[in-house]
Amino acid sequence: MGKLGKETRDFIYKITVVCVISFLFAFGISQYLAKEYQSELVLHDYAIAGYLMNHSDDLVVAAFTAETSADDLSKGYDALTTVGYSDTVSIKLFPAVLAYRNKTMVTIFILLLFIFGSIYIFVSLYLYRQHRAIKNAEFSIRSFLDGNTMSRIECEESGDWYSFFHGVNELSSILSAHAENEKKTKEFLQDIISDVSHQLKTPLSALKMYSEIISSHSEDSTCINNFSEKSLREIRRIEDVVYTLLKLARLDAGIIQMDKTQEYISVLMQDVLERFEVWAERDNKEIILSGKDNILLYCDALWFSEAVGNIIKNALEHTEKNGLITIRWEQTPLFTQIIIEDDGKGIHPEDLYNIFKRFYRSRYSQDIHGIGLGLPLAKAIVEIHGGTISVTSKLGEGTTFTLNFFNLTNE
């Protein structure tokens, strides 16, 4: 019991006290019953003596079997009390009463001993199991506090303690999830800061150099105009980086509430087409739309147009003059599919698994203006809409982006 807690020891002590009191109470009951038996025995003897004195001619056996009368009881009382025989005589002078008392006391004691022995055994087993369960729980909690976030309390059984342990395990899971989210948030912020600093380093260096050149050629208007245009291009590049990163950061943080409604894909694609018509005409490229006008998609029109627009922009940048970009869509009972296909230069096999990584720039690409954020942003938007995006490509033949949205729910 030395290893048990204070509450458990107090509980056992209280049971012991109750047990001792019960034994004392049992002794008192046996004494009381013996005294009652003695009184009944004395009255019985009064009745026998009185009957024998009033009916001397009758059979002796009738003294023990006949009904007791008040006269017999009174005469027997007067006769026996004169010689000192009464219920106040010591119990030691009544062997039958003494034997009855001892037998009653032993019976009650044995019964109490069995009852309290059983209680002690069951309580001890119960307390031992609870003590062991609490010790295991304490060890698991200590392990969790020491950094083992996967530590959990074993609680496969039922009961109040195990319900409590289940609650502790749920709390541990919640705390682990919060800790993991905090870790991811910290890593996310570190990545964002690293990405921003990396992407802004080059244009800021260029701006600094252009400013120094303009200052040193303040009299040369041609030089000033030339490097002013270059400075403006770098400023726009910085704006693109910052705005796109902010969009990605908001999407990653989950703070954007998508305003989703049922939209006609044909209307969405026509809006996107209008944004790139001038560019396509300038480069002698063609964008073709192909699909039914009555196909609906549950989406946020503004963000979805942003995603598709980034893919089309990528296609325009990597398609030669007189190139063709086709956007087609179709719907089945299971999913809605949008396919954006071009006949451009294609993507090198080495790059296919990396094009959705932020700031990824292929060593085979001739593009010097891209920042490597358009396709990652498109992928993030598609996935927030519950869709998937995949790409296939062949060098010299073109690239195909496929967007799939399952028609299971509007949530």
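Bear in mind that the values here come from a model prediction, so they are computed numbers and not experimental data.

Peer 1: For the nonpolar core, give the residues involved together with the corresponding values.
Peer 2: Ranked by size, the top nonpolar core spans 41 residues in total, and within it Ile287, Phe304, Ile312, Ile338, Ile340 and Phe401 carry the most contacts. Those elements that provide at least two residues to this core are helix 7 (265–282), strand 3 (296–299), helix 8 (301–317), strand 4 (324–331), strand 5 (335–342), helix 9 (374–384), strand 6 (387–394) and strand 7 (398–406). It is helix 8 that contributes the most residues to this core, eight residues altogether. In terms of nonpolar packing, the next biggest core, distinct from the first, is built from nine residues, Ala34, Ala49, Ile91 and Val97 among them.

Peer 1: Explain the packing of aromatic side chains to me, and be specific about the residues and the numbers.
Peer 2: To describe a pair of aromatic rings, you give the distance between the ring centres and the angle between the ring planes. According to the stated counting rule, one finds six aromatic pairs in the structure shown. Here tyrosine 37 and tyrosine 100 contribute two aromatic rings whose centre-to-centre distance is 4.8 Å and whose plane-to-plane angle is 35°, an arrangement assigned as tilted. Note that tyrosine 37 is positioned in helix 1 (residues 6–54) and tyrosine 100 in helix 4 (residues 95–145), a separation of 63 residues in sequence. Relative accessible area serves as the criterion here: at 32%, tyrosine 100 is assigned to the partly exposed category. On the numbers, 6.3 Å between centres and 75° between planes, the contact of phenylalanine 335 with phenylalanine 406 is edge-to-face.

Peer 1: Residues and numbers for the sheet that holds strand 4, please.
Peer 2: If you walk across this open sheet you meet the five strands as 2-4-5-7-6, and the pairing is mixed. Across the chains shown, the open sheet's two edge strands, defined by having one partner strand only, are strand 2 (286–290) and strand 6. Each strand of the sheet is rotated relative to its neighbour by a mean of 15°, with strand direction disregarded. Pairing of strand 5 with strand 7 involves eight bridges; the strand directions are antiparallel. Its bridge partner lying in strand 7, isoleucine 340 is registered against phenylalanine 401. Across the sheet, helix 7 is in contact with strand 2, strand 4 and strand 5; its angle to strand 2 comes to roughly 175°. Its contacts with the sheet place helix 8 against strand 2, strand 4, strand 5, strand 6 and strand 7, and it is angled at close to 25° to strand 5.

How each quantity is defined
Residues numbered from 1 in each chain as written. Predicted model: local features only at pLDDT ≥ 70, side-chain atom pairs only at ≥ 80, totals over all residues. Heavy atoms only, no water. Core = buried A, V, L, I, M, F, W, Y, C linked by side-chain atoms within 4.5 Å. Buried < 20%, exposed > 50% of the residue type's maximum accessible area, 1.4 Å probe, protein only. Helix = DSSP H or I, 4+ residues; strand = E, 2+ residues; numbered from the N terminus. Phe/Tyr/Trp six-rings, centres within 6.5 Å; stacked < 30°, edge-to-face > 60°. Pairing = 2+ DSSP bridges. Axes fitted to C-alpha atoms, helices over the stretch in contact; angles between N-to-C directions. Contact = heavy atoms within 4.5 Å.

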